[in-house]
Amino acid sequence: MDSEADPRVLVVDDDPALAEVVARYLRRDGYEVDYAADGATGLERALATLPDLVVLDLMMPGMDGFEVCRRLREATAIPVVMLTARGEENDRITGLDLGADDYVTKPFSPGELAARVRAVLRRTASQAPPAPVLHGGGVAVDTVAHRASRGGAPLDLTAKEFDLLVCFLTSPGRAFRREELLETVWGWSIGDTSTVTVHVRRLREKIEDDASAPRHLTTVRGVGYRWEP
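Predicted model only: the values in this text are computed from it and were never measured.

Conventions we followed
Residues numbered from 1 in each chain as written. Predicted model: local features only at pLDDT ≥ 70, side-chain atom pairs only at ≥ 80, totals over all residues. Heavy atoms only, no water. Buried < 20%, exposed > 50% of the residue type's maximum accessible area, 1.4 Å probe, protein only. Helix = DSSP H or I, 4+ residues; strand = E, 2+ residues; numbered from the N terminus. Right-handed = clockwise from strand over helix to strand, strands pointing away. Polar contact = N/O pair within 3.5 Å; in protein donor to acceptor, adjacent residues only side chain to side chain. Contact = heavy atoms within 4.5 Å. Arc of directions from axis to C-beta. Expected span 1.5 Å × (residues − 1). Core = buried A, V, L, I, M, F, W, Y, C linked by side-chain atoms within 4.5 Å. Pairing = 2+ DSSP bridges. Axes fitted to C-alpha atoms, helices over the stretch in contact; angles between N-to-C directions.

Quick look at the pairing of strand β4 (residues 80-84)
At step 1: The element β4 is largely enclosed, with a buried count of five among its five residues.
At step 2: Residues V80, M82 and T84 of β4 are buried on one face, and the alternating residues V81 and L83, pointing to the opposite face, are buried as well.
At step 3: Note on the crossover from strand β3 (residues 53-57) through helix α3 (residues 65-75) to β4: the handedness is right-handed.

Written as structure tokens, this is what we have:
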């Protein structure tokens, strides 16, 4: 690779030995790697340098990975791969809701992490950017500022709720299968589609007059969901 074109990865982890192993594997794959030893420094460096991807440890003293991811998502769409020492489902769901693109549970193979980084970068590079501002059903979404509103009032959406709404508004009238939404929004080719069901329900509660009888985010029986303008 030409060094000027090498993707840049920021590793944020309070374990320097682990971070060094991760950095070595990523550099071997042709990435430029920077390192931050705590969440606050990692957030500051990410916003200042805008790397192509952030590898983010979940459990750090002070500002943890959840808070770093939340603040990153308020300002940028930089892909995030989370590292967690706990295999608990709630941790993974919380991280993904905040906008993480993938996660790896410790202990992990550095080769597996490098493969996840490659996959996330391929996926995000192949996605066409949505229109700057999307409208539908009284909802407005600014994809650049990462803000959403309904009837002029701000909507408090998680990162995945926001991405799900963008997906529907980008293709109004199209019926999406749950499996398709799982791959498009979460990046999972396989997984539990109940994740989609739960997020659709939460999204309806925020954008519909009556979530039990939705007018815009409708169910297509036997298929999945469709956005009705």
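What to know about the side chain of H199
At step 1: Within the element layout of this structure, H199 appears in helix α8 (residues 194-207).
At step 2: A polar side-chain atom of H199 sits 2.8 Å from the main-chain carbonyl oxygen of T195.
At step 3: Excluding residues that lie within four positions of it along the chain, H199 makes contacts with D97, K160, E161, L164 and W186.

Topic: helix α2 (residues 39-49)
At step 1: Regarding α2, the residues found buried are G39, G42, L43 and A46. Seen end-on, α2 carries its buried residues on one side only, within an arc spanning 100°. Residues of α2 that are exposed and point more than 90 degrees away from the buried face comprise E44 and A48.
At step 2: Buried positions along α2 lie against β1 (8-12), β2 (32-36), β3 and α3.
At step 3: Between a side-chain oxygen at the N-terminus of α2 and the backbone nitrogen of A40 the separation is 3.2 Å; the capping residue is D38.

A word on helix α1 (residues 16-28)
Because the α-helix completes a turn every 3.6 residues, residues three or four places apart line up on one side.
At step 1: The end-to-end C-alpha distance of α1, which contains 13 residues, comes to 18 Å, matching closely the 18 Å that a straight helix rising 1.5 Å per residue would cover.
At step 2: Its side-chain oxygen at 3.1 Å from the backbone nitrogen of A17, D15 defines the N-terminal cap of α1.
At step 3: After α1 finishes, the residue G30 shows a positive phi value of roughly 100°.

Comments concerning the nonpolar core
At step 1: V54, L56, V141 and L165 are the most contacted members of the largest nonpolar core, which has 45 residues in total.
At step 2: The greatest single-element share of this core, amounting to seven residues, is contributed by helix α6 (residues 159-170).
At step 3: When sequence neighbours within four positions are dropped, the list of residues in contact with V141 reads P132, V133, L134, R147, A148, F162, L165, V166 and L169.
At step 4: Membership of the second largest hydrophobic core comes to 19 residues, among which are L26, L83, F108 and L113.

Remarks on the sheet that holds strand β5 (residues 102-105)
At step 1: Read from one edge of the open sheet, five strands run β2-β1-β3-β4-β5, paired in parallel fashion. Two strands close off the open sheet at either side, each with one partner strand: β2 and β5. On average, adjacent strands in this sheet sit at an angle of 20° to one another, irrespective of strand direction.
At step 2: As defined by bridge partners, β4 adjoins β5 across four bridges and the pair is classed as parallel. Across the sheet, the residue bridging to M82 is Y103, located in β5.
At step 3: Strands in contact with α1 are β1 and β2; relative to β2, the strand with the most contacts, it is inclined by about 165°.
At step 4: In this fold α2 packs onto β1, β2 and β3, with an angle of close to 165° to the strand it touches most, β1.

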